[in-house]
Amino acid sequence: MQVIFNSLIRAAELGLLAVGLTMVYDLLKFANFSHTTFATIGAYLALLLSSNAGLSVYLGAIIAIPVVGLLGVLLDKVVFKRLRGSSPVILMITSFGVSLALRNVIRAIWGSDIRSFDIPLYRGINILGGMITPIQIGIIVIAIVVMIIFHILLHNTRLGKSMRATSDNVSLAQASGIETEKVIQVVWFIGTAFAALAGILMGLDTQVQPRMGFDIIIPVFSATILGGLGNPYGAMLGALALGFAENIGITWFNIPTGYKPAIAFGILILILLVRPSGIMGKKGL
Amino acid sequence: MGIVNYLAHIGIMIGIYGILSLTLNFQYGFTGLVNFGHVAFFALGAYGSTLLVMSGGTHFLVGLIGAFIIGGIFGLIISLPTGNLKEDYWAIATLAAAEIVRLFFVNEGWIYGGPYVAGPFGIRGIPSPWSNVIPTDVYIFFYLGLVAIFLLITYLFLNFLSNTPFGRVLKAIREGDDLPKALGKNVFSFKARSMGISGAFAGLAGGLFAHYVSFISPYNFQAIETFIVWAMVVVGGIGNNRGAIAGAAIVQLFYSSTRFLKDYVPIDSKTLASVRMIAIGLLIVLVMLFWQEGLIKEKKSEYKNKLKRVSHD
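Values in this document were obtained by computation on a predicted structure and should not be read as measured data.

Here the focus is the overall build of chain B. Counting secondary structure elements, chain B contains 12 helices and two strands. Of the regular secondary structure in chain B, the N- to C-terminal order runs α-α-α-α-β-α-α-α-α-β-α-α-α-α. For chain B, the C-alpha radius of gyration of 20 Å lies close to 20 Å, the compact-globule estimate for 313 residues. By its C-alpha atoms, chain B is 65 × 45 × 35 Å across when sized along the principal axes.

This part covers the pattern of salt bridges. All names here are of chain A. One pass over the full model with this rule turns up eight salt bridges over all chains. Measuring nitrogen to oxygen at the nearest pair gives 2.6 Å for the salt bridge that ties Glu 246 to Arg 10. With a gap of 236 residues between them, Glu 246 in helix α11 (residues 232-251) and Arg 10 in helix α1 (residues 2-28) connect regions that are remote in the sequence. Judged by relative accessible area, which is 0%, Glu 246 ranks as buried. By relative accessible area, which is 16% here, Arg 10 ends up buried. Notably, a salt bridge pairs Glu 179 with Lys 182, separated by 3.6 Å at the nearest N-O pair. Take Glu 179 and Lys 182: they sit in the same class, and that class is exposed. In this structure, a network of salt bridges that share partners links the residues Asp 76, Arg 84 and Glu 181.

We now examine the packing of aromatic side chains. Going through the model one piece at a time under the given rule, you end up with 30 aromatic pairs over all chains. Ring geometry for Phe 33 of chain A versus Phe 221 of chain A: centroids 4.9 Å apart, planes at 35°, classification tilted. Highlighted residues: Phe 33 of chain A in the loop between α1 and α2 (37-52) and Phe 221 of chain A in helix α10 (residues 217-226), separated in sequence by 188 residues. Of the two residues examined, Phe 33 of chain A and Phe 221 of chain A, each falls in the buried class. Ring-pair connections join several aromatic residues into one group, and the members of that group are Phe 33, Phe 96 and Phe 221 of chain A together with Tyr 28, Phe 36, Phe 227 and Trp 230 of chain B. Stacked on the ring of Phe 215 of chain B, the Lys or Arg Arg 124 of chain B has its end atom at 4.5 Å from the ring centre.

What follows deals with the interface of chain A and chain B. With 40 residues of chain A at the interface, the matching set in chain B holds 42 residues. Of the roughly 3,600 Å² buried at the junction of chain A and chain B (both faces included), carbon and sulfur atoms supply 78%. If you sort the residues of chain A by the area they bury against chain B, Ile 93, Leu 100 and Tyr 259 of chain A come out on top, with a joint share of 17%. In this structure, the connection of chain A to chain B is made through one residue pair in polar contact (both at pLDDT 80 or more). Of all the secondary-structure elements, those providing two or more residues to the side of chain A that touches chain B are α4 (88-110), α10 and α12 (260-274) of chain A. Element by element, the count of residues in the side of chain A that touches chain B is highest for α4 of chain A, at 14 residues. Each residue belonging to the side of chain A that touches chain B can be placed in one class, and the counts come to 31 nonpolar, five polar and four charged.

What follows concerns α10 of chain A. Residue and element names in this part refer to chain A. Counting buried positions over the 10 residues of α10 gives 10, a clear majority of the element. Regarding α10, the residues found buried are Ile 217, Ile 218, Pro 219, Val 220, Phe 221, Ser 222, Ala 223, Thr 224, Ile 225 and Leu 226. Following α10 by one or two positions, Gly 228 adopts a phi angle in the positive range, close to 95°.

Let us now look at the side chain of Ser 79 of chain B. Residues and elements named next belong to chain B. Tracing the backbone shows Ser 79 in helix α3 (residues 60-82). A distance of 2.6 Å separates a polar side-chain atom of Ser 79 from the backbone oxygen of Gly 75. Other than its neighbours up to four places away in sequence, Ser 79 contacts Trp 90, Phe 188, Lys 191, Ala 192 and Met 195.

Our next topic: the side chain of Glu 13 of chain A. Residue and element names in this part refer to chain A. Within the secondary structure, Glu 13 is located in helix α1. For Glu 13, which is buried and forms no salt bridge, the nearest opposite charge comes from Arg 10, at a distance of 4.6 Å. Those residues in contact with Glu 13, other than ones at most four positions away along the chain, are Ile 139, Ala 198, Leu 201, Met 202 and Asp 205.

Residues and elements named next belong to chain A. A cluster of nonpolar residues, Met 1, Ile 4, Ile 125, Ile 127, Leu 128, Ile 137, Val 141, Val 145 and Ile 149, forms a patch on the protein surface that exposes about 740 Å² of accessible area. At the level of elements, β1 (125-127) and α5 (134-156) are the ones that each hand at least two residues to the nonpolar patch. Relative to the helices and strands, Met 1 is located in the segment before α1. Judged by its relative accessible area of 37%, Met 1 is partly exposed.

What counts, and where the lines are drawn
Residues numbered from 1 in each chain as written. Chains lettered and ligands numbered in written order. Predicted model: local features only at pLDDT ≥ 70, side-chain atom pairs only at ≥ 80, totals over all residues. Heavy atoms only, no water. Helix = DSSP H or I, 4+ residues; strand = E, 2+ residues; numbered from the N terminus. Rg over C-alpha atoms; globule rule 2.2 N^0.38 Å. Salt bridge = Lys/Arg side-chain N within 4 Å of Asp/Glu carboxyl O. Buried < 20%, exposed > 50% of the residue type's maximum accessible area, 1.4 Å probe, protein only. Phe/Tyr/Trp six-rings, centres within 6.5 Å; stacked < 30°, edge-to-face > 60°. Lys NZ or Arg CZ within 6 Å of the ring centre and 35° of its normal. Contact = heavy atoms within 4.5 Å. Buried area = accessible area lost by both parts, 1.4 Å probe. Polar contact = N/O pair within 3.5 Å; in protein donor to acceptor, adjacent residues only side chain to side chain. Nonpolar A, V, L, I, M, F, W, Y, C, P; charged D, E, K, R; others polar. Lys, Arg positive; Asp, Glu negative; His and termini not counted. Patch = residues over 30% accessible without salt bridge, like charges linked within 9 Å, V, L, I, M, F, W, Y side chains within 5 Å. Areas by Shrake-Rupley, 256 points an atom, 1.4 Å probe, with all protein chains shown as cover.

Written out as structure tokens, the structure is:
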């Protein structure tokens, strides 16, 4: 039971990040290495608002998430928009530079110390033999709710329709009167806001540190590729699969925790060898 | 340590990173392989040579040869599962592979026995070669010469390779797999060999590094090193060997000179370290945005001349 809980928590965090990553990939066709940095920014911003500005942690989070979303849009406007149509390699290297700069901005402002949110320590609840804290239950519930909202947005709104159309064929979407640049902005906003949410959840679960975004980059990419790059539902499934794989590997197969990223990497290599298009194939939004 | 010695130190670092940027440039600039895990070769070379010399008791040169071989083998190994991948998958796979290599050295302390050594503690007291014959006060210049020789060898060899039929196939692969495939070239094998050759030289750089600084730990080989080398390649000019060395010099000079900034500006050393990294990140972004050809453009004109000659024949 403990394995299931731990896996679900991990999957919730990975899933939120993987969905954002895969959406940006789907529209702009490049692997955004700066994506997980927004998780770090989100966590630190919420921390700033709650412990320095005196807001409650939850209010701080609610403000931080859209702010990070806007930051994502801004980043696209200032940097990535100028490189539309460049080779994916150029975009990847650029995103790496962005991630390096942003991560160190955080480090310059807040230092490298490990911090944590000012929340009371909850006692774990015993459910069917596994321990889980109310915060952790909250993390899983929030991730599921957000994914459902995302699904409704994608399929039952005009915006979702134009997002799917743009993903399918940019020129066709433009010809049908969809402002694709606006759609791209919305996708950046949602993607980076999701990342911020994931970062805050990770911070609530454990701690906040400048490396947290970078440390999770390999599992997030593995989950994304596992589900098929560009496929948000695949990304969710990939995150779930990876969450379980990591925790089962550590608990049942006694893989040393130090090698946790190696599990993600092993699965990544395996998937790339067997099914490069991921378990759900390439289907776009 | 006088100013001259400090310049020699910077020179050595430029030489070592110059080899790294030459080899990364060979992978990306010539073959089009987006290697985001270049530091893995550096780490393997450094540890390989250190262990050979310290545990195996071999000579420094044997250690370097070991570093060369280990780097080369790792280049081939990493190509096996990933050789046919598209560039974005390749980038992720290499990034992950480098992290695994680092984790190996963090977790596996047994490779070099003793309490509080190896693993996260690192290995200290790595012997400097020929330090018993060369007087201490000129040793740093001797090592500078040594590094310069290896840099020159790497440069000449990679330059030579890029003008051979082998090198031309690599450049064709860079522009897309289809054309070389249509000409009956085994793209996979060429990519693997490109990784093997450049990996071997990058391993050599690792060996030179370890015996120079005499202390290595997994913290020397974090992903950040890879991006510093990337900054060198893009600043110098992608696909140009002289550019790669020039880029290494510029980034390293910037990196070394800003270290003393804290003596003049009220800033603590931790913040300064972050600010330097911000500058490197911004440098990569700015070069990609406004100056993609970098300092020295790739020489493409000679192909035009050759084509003319061919058409006249």
